[in-house]
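# Observations on the three-dimensional arrangement
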Amino acid sequence: MAFVPLWFILITILWTGFFVLEGFDLGVGMLHGVVGRDEAGRRAVINTIGPLWDGNEVWLIVAGAAIFAAFPGWYATWFSGFYLAFVLLLVALIFRGVSFEYRGKSPTRRWRRTWSRLLASASLVVPLLIGIALGDLLHGTPIGANQEYTGNFGNLFQPYAILTGVMLVAICVVHGATFIAMKTTGVVRDRAWRAARRAAPVTVLLVLAFVAWTHVTAGGGAFLNPVELLACITIIAAAFLVRDRRDGWAFTATTVTIAVCIVTLFVDLYPRVMVSSTNPAYSLTVHNTASPPYTLKVMTVVALVLLPFVLGYQAWTYYVFRRRISDQQFRPAARRAATAVPVAQAAPAPGARPAAQRHGWVLPRGWRRPRGPRT
Amino acid sequence: MRTDLARWQFAFTSVNHFLFVPVTIGLAVLTALLQTAWYRRKQPEYLRLTRFFGTLLVINVAIGVVTGLVQEFEFGMNWSSYSRLVGNIFGAPLAMEGLAAFFLESTFLGLWLFGWDKLSPRVHLLTIWLVAFGSMLSAAFIMAANSWMQHPVGYVMVHGSPQLTDIWALFTNPVFVWSYAKVVLAALVTGASVMLAVSAWQLRRGGDRAVFGRSARLALVVLVPAILFAMLVGDELGVIEAKYQPMKIAAAEAQWTTCQPCSFSLIQIGGGNNDQKPTQILAIPHLLSLLATNHWNGKVIGMNPLQAQYAAKYGPGYYVPNVFIQYWGMRVMAYLAVIVVLVGLWGLWLSRRRKLAISKRFLWVATWLVVLPFLINTAGWLLTESGRQPWIVQGIMLTKNGLSPSVSTAELWISVLVFVVLYGALGTIDLILMLRYARKELPPAPPPADADRPVPAMLY
């Protein structure tokens, strides 16, 4: 019966992987407007995660599916109980996913601005909502004797859960900023450092508050456990490393902090998976929600065979795209020679239509009458 | 009411999801073929085509991925009792899908898009094939899960709930084998139709014949065998379903009474669940027997005897699916497929006579043909899923018992409205972008002096 705890560990790993990897994608999404500033800078920032974000998001899908397969009861209660929160999360995930792809697909400024805003706000909502949903698992929500959620949408927004969400947003910002600093050069890198430095102090406070409150919520006694202690140390270290602009180390520190924060939450949760605030005896645990041993055995074999491959080719992807990106790569060659031209007055991108038509993006080109000679 | 809302929402999001999925699978394979041609022959036309159709592919992948996310969440959100009961079986292929296929597909799509100037041509070619392979693999796992709902296998009942005992049974389930083959073929048909339509439109507007003539031919060479095999596989699938889900097949023919041999009606007037005597027009003798049993004089049990049989076995209840959807879903699928076959053969004939790029009539028809695979796919899924009703898992759980107890009608309404508005908006944007990029002129071929320089990446 060791499969049950093993699957709890695997699911913790999947959520940790999601936040470590997708965490900087979300941070980059939130920051790309500020750090990028102009179109070339924004494109440079977005392209730092261009080849990576889609593969990173799969960690969330797999984490969800793994809960479905290994702990169906947990999956059923969590997803149906937090219904509207998950609807909102889906909306945010949808906007974020398509805005990467669609943003660059039309040259008009209005189009790009719209998608940029959607990308930034969706990137903020995703960690906030997932944080709230995770915080609620530990702090407890109304759950009846039959494992069904009995509360409403408002019950989800309890202070501890909100703190978890806000903490995750903040740490994604710092994580994303140090990632940009690590992957870019020139002015973009400089602005990323400034953003990271500005966000770092608040993040330190939020992480410390989260660790303390988690410790109290879990009833852990007078001393922090090693994982909680590690979270405190690494976030403070991260803040100093950000100040000193040590990019590789700062990114390592934020990575460890995120990982440890997620692990803390799951460690304090175990063996429960959803705490019932109605009656502790009604809490969902790994044991009363787990799939039978056969399913867990099959899934263990599959996961242990496949995960090394996944880690291998994802690591290789990071190696392939290891080079830094500069905003200069995204400036047309002519303008690169005369950098004195301010970007705000940049010539229209190749293929852009005259200003009079520029706002007509709703109608695709050649909508009315396709051009070109008939044959 | 809650059942209807949840069912409607699932149908709406699934049908929409499956507008994008087959395009993704089909275009991924075709783009990989184009790039292989470029890798082998080094003709710049193939490179330009690869980039052109690759752009269409990624516009589609984006929305296919996010609509897929909704599907995964919906099982838990709207169908929590179902998820709780069968998660140990149904969840397994879903988790495998993520681990084996989604990681592969999305990681290598990033490598393909951004790796043009960073990977060797051979490795870069491998990445697009892995994208195609990953997308096909993901379809395999989800079809294994779906087939288990149609024909549950590899489980035992323990205290009223099914427990997985044999994972291989899910992947050797005859319903899975045949319906998976059908989905892959349908995806190839859809992708090839999109490629054919875009090429035809470009040729009509004076696009480069050396370029789009090639893609039109490739599309036809894939399209015609794929649709023919899809029809053969569909026929075999019908026989298998007649064995495991006889109600589905009886309803598809609006066959209320048992018959032997059975005829197939081309069209009927009236019909539906309250009209057992519709006016059938042009009945073809023996055809239903052939389709449902592979025998000239095969016997097809009617819905009334089946209803009596199910009521005796599972207790009182109404076990007949929506006959109207079954009857017309089947016919829309079959008739439109015949049209696709005919147009495809016409195109191949023109291609042989080297008139493909100049036949205005064919190019016009081929442009509009693209609508049909989407209608066929939708009709096929309605036939499959509506035909399983009232079961969510055939013989194990009724759809109405699979709902989430904690989700209210108001919450369902909110989510339905959110998804309808969102999908409407995104579908429109996707269509506009697809049309815009499909109508773009090809970028000029690079001068021969540049032929050895690396191809730039497809950056955001």
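Procedures and definitions
Residues numbered from 1 in each chain as written. Chains lettered and ligands numbered in written order. Predicted model: local features only at pLDDT ≥ 70, side-chain atom pairs only at ≥ 80, totals over all residues. Contact = placed C-beta atoms within 7 Å. Helix = DSSP H or I, 4+ residues; strand = E, 2+ residues; numbered from the N terminus. Nonpolar A, V, L, I, M, F, W, Y, C, P; charged D, E, K, R; others polar. Core = buried A, V, L, I, M, F, W, Y, C linked by C-beta atoms within 7 Å. Buried ≥ 20, exposed ≤ 12 C-beta atoms within 10 Å, placed from the backbone. Pairing = 2+ DSSP bridges. Axes fitted to C-alpha atoms, helices over the stretch in contact; angles between N-to-C directions. Parallel < 35°, antiparallel > 145°, perpendicular 65-115°, else oblique. Left-handed = near helix turned anticlockwise from the far one by under 90°.

In this section: the interface of chain A and chain B. If you look at the interface, chain A gives 67 residues, while chain B gives 64 residues. If you list the elements that add at least two residues to the side of chain A that touches chain B, you get α2 (39-49), α3 (53-70), α4 (72-81), α5 (83-103) and α12 (293-320) of chain A. Take the side of chain A that touches chain B: its biggest share by element is 14 residues, from α5 of chain A. Residues that form the side of chain A that touches chain B fall into these classes: 41 nonpolar, 18 polar and 8 charged.

For the rest of this paragraph, the subject is the environment of N60 of chain B. All names here are of chain B. Mapping N60 onto the fold places it in helix α2 (residues 44-78). Separated by 33 residues in the primary sequence, N60 and L27 place their C-alpha atoms 9.4 Å from one another. When sequence neighbours within four positions are dropped, the list of residues in contact with N60 reads F20, V23, T24 and L27.

The tendency in soluble globular proteins is for nonpolar side chains to be buried side by side. Ranked by internal contacts, the top residues of the largest apolar core, which has 283 residues, are A66 of chain A together with A95 and L196 of chain B. Looking at this core element by element, the count peaks at 21 residues for helix α3 (residues 80-114) of chain B. For A95 of chain B, the contacting residues outside a window of four places in its chain are V62, A65, A66, F68, A69 and M299 of chain A.

This part takes up the pairing of strand β2 (residues 161-164) of chain B. Residues and elements named next belong to chain B. Along β2, the buried face is formed by P162 and L164; none of S161 and Q163, which line the opposite face, is buried. One ladder, built from 4 bridges, connects strand β1 (residues 155-158) with β2; its direction is antiparallel. Each bridged residue has a counterpart across the sheet, and for M157 the counterpart in β2 is P162. Counted along the chain from β1 to the antiparallel partner β2, the turn is 2 residues long, and its residue H159 has a positive phi close to 50°.

For the rest of this paragraph, the subject is the packing of α2 of chain B against helix α7 (residues 209-244) of chain B. All names here are of chain B. Closest axis-to-axis distance for the α2/α7 pair is 9 Å, and the angle between their directions is 65°. Viewed along their axes, α2 and α7 adopt a mutual orientation that is roughly perpendicular. Where α2 crosses over α7, the two elements pack in a sense that is right-handed. Touching E45, R48 and L49 of α2 are A210, V211, R214 and S215, all from α7. Taken together, the residues that form the contact of α2 with α7 break down as 3 nonpolar, 1 polar and 3 charged.

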